[in-house]
Amino acid sequence: MNTLLVDAALNFGILAVLGAVLYAAPSPLLNPPAVPFGVRVPPDKARADAVEEQRGRYRGAVLAAAAVVTVVSSALGAALGTLAVGVVGSLLLCVLAAALWVRAHRGIARAKAEGGWYAQARQGAVMDTSLRTDPVRFPWGWAVPALVVIAVSVVVGVIVYPGLPDRIALPERSLDGTVYRMYPTSVWTAFGFVLGQLLLTLTMVVTVAGLLRARADLDVARPVAGAARYRRYLTVMARSMMGIATLMNLMLFGLSALMWSETRSTALTLAVTFVPLVGVLALTGWLVLRVGPSGSRLREGTGEEGTGLVPRDDDRFWRGAGTVYVNADDPAILVPKRVGIGWTVNFGNPRSLVVAALVLAVAVGAAVVQAVR
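What comes next concerns the included structure.

What counts, and at which threshold
Throughout this document, residue positions are counted from 1 along each chain, in the order its sequence is written. Residue-level local features of this predicted model are given only where pLDDT is at least 70; pairs of side-chain atoms are given and counted only at 80 or more, and the full residue set underlies all totals for whole chains, interfaces and linings. For side-chain calculations, the full set of non-hydrogen atoms in the structure is used, while hydrogens and water are omitted. A helix here means a DSSP run of H or I that spans at least four residues, while a strand means a run of E at least two residues long, and both kinds are numbered starting from the N terminus. A simple rule labels every residue: compare its accessible area, found with a 1.4 Å probe on the protein chains alone, to the largest value its type can have, and call it buried under 20%, exposed over 50%, or partly exposed in between. Any pair of residues with heavy atoms lying within 4.5 Å of one another is described as a contacting pair. The convention used is that axes are lines fitted to C-alpha atoms, helices contributing only their stretch in contact, and that angles between N-to-C directions extend from 0 to 180 degrees. The labels follow the angle: roughly parallel below 35 degrees, roughly antiparallel above 145, roughly perpendicular from 65 to 115, and oblique for the rest. Each crossing gets its handedness from the near helix: less than a right angle anticlockwise from the far helix is left-handed, clockwise is right-handed. Three classes are used: nonpolar for Ala, Val, Leu, Ile, Met, Phe, Trp, Tyr, Cys and Pro, charged for Asp, Glu, Lys and Arg, and polar for all others, with Gly counted as polar. Basic side-chain nitrogens of Lys or Arg form a salt bridge, by our definition, when they fall within 4 Å of a carboxyl oxygen of Asp or Glu.

The next subject is the overall build of the protein. Per the secondary structure count, the protein includes 10 helices and eight strands. Counting only residues that meet the buried cut, the protein has 42% of its 373 residues in that class. Long-range pairs, those at least 24 residues apart, make up 72% of the contacts in the protein between residues at least 6 apart in sequence.

The next thing to look at is the packing of helix 5 (residues 140-160) against helix 7 (residues 192-211). Contact pair helix 5 / helix 7: the axes reach a minimum separation of 10 Å and the direction vectors enclose 165°. Regarding the angle of helix 5 to helix 7, the classification is roughly antiparallel. Both helix 5 and helix 7 take part in a crossing whose hand is left-handed. Along the contact surface, helix 5 presents W140, A146, L147, V149, I150, S153 and V154, while helix 7 presents V194, Q197, L198, T201 and V205. Partitioned by chemical class, the residues of the contact of helix 5 with helix 7 number nine nonpolar, three polar and no charged.

The next thing to look at is the pattern of salt bridges. For the coordinates displayed, the defined rule picks out 10 salt bridges. Put simply, K112 and D313 hold a salt bridge, and the shortest N to O gap is 2.9 Å. Of this pair, K112 sits in helix 3 (residues 84-115) while D313 sits in the loop between strand 4 (310-311) and strand 5 (318-319), placing them 201 residues apart in sequence. Salt-bridge contacts for D219 lead to R229; the nearest nitrogen and oxygen are separated by 3.7 Å. Highlighted residues: D219 in the loop between helix 7 and helix 8 (223-260) and R229 in helix 8, separated in sequence by 10 residues. The exposure class of R229 is buried, given its relative accessible area of 16%.

Such coordinate-based values are descriptive only and should not be taken to indicate function.
Dropping the structure here:
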C-alpha cells in the first residue's frame, strides 16, 4: 500500500476521532445535565436559550476548526511522510476547543447572573449517612480475573525465563510505527510488562476503594431515589473499572508472550493490543450511554414526591471553567466531576496531596521500569 496514503489516512483518522470527541464534549451524555460547560444552573434552566446558544456556537466553531485542521494536517502528513503533523494538529485542535469552552462557560455564567436564575430557587443539599455506615462493598469477585491474569503471567514467565536469549527485543511505539530495540535479558526486561500489570491493578484497586468513599452528588429534588441510584452507580463503576484492569492485564500478558517467544508479527501485535482496547472502549461507551455522569441515566422508580429544592450554586469553588475544584472547607478528597464522567480531586484539601503523591509515585515507578529495562 502507498506509504503516503497510509500516513494521510492515519492523520485523518486521528483528527477525525478527536474532532468528534471535542464536538460531543458539551453533550449531557458526557456531563451532568444541570452543569452545562461547567456552570451550575437550576435543572429547569439546563436547556435555556442562553445555554443552547452557547452550545451551538461552540459546536459550530469546533466543527469548522476540526474540518480545516484535519484536511491540512492530512495533506501535510502525506507530503512529509510522518504522523508528527497529526500530533501537532491534535494539540492545536485541543487548544482551540479549550478556548471555545472557556468562552461558552463565561457566556452562560453571565446569562445566569444577569437573569437571576437562582434568585427565586430554593437551594439545598442532601447526604446519605448510610454511605458511611454501610458503604458499597469493594467488588473483590470482579478483581479476581485481573489477579488471575497476573498469576498466569508470572507462572509462564518463570517457566520461560531460563530459556530466553542473552538479549531480548522489546517493542517501542514511535511516530513512524513500532520499532524493536535489543536489551540485555534481565528480570526487569523480561518481566517489565508483568510489573506493569501489578502497578496497573494496584492503582485501580486503590482508586476504586477511594471512589467508594468519595462524596456523593445526590439529587436534592428526590433524595431517596438519588441515594439508591448513586449506590447502583458506584457498584457499576467499581465493577467496570476492575473489568478494565482485566482487559489491560490481558493486553500486557499478550505483549509479554510475544516478547518471550521473539514473535514480531505486526498482525499479532495489533491483535494483542487492539482487541483489549476495543473492549475497554466498548465498556466506556456503555457507561456513557447507559449509565451517565453520576448515574444520571439509571432509573429508580420509587414514586417519591419532589422536594422542590435545587442544588446549591457552588460555582465559586470551581476554577478553570468548571474543571478544578478548590474548597478548603470541604473535607472530601474526591468529588464528582462537573466536566466529564467520574471524580476529581479537591485541591483545597491538604490530603489531596497524598493522592497526588500516589499518582506521581506510580508514574515515576513506570518511568524507572522503562529506564532500567
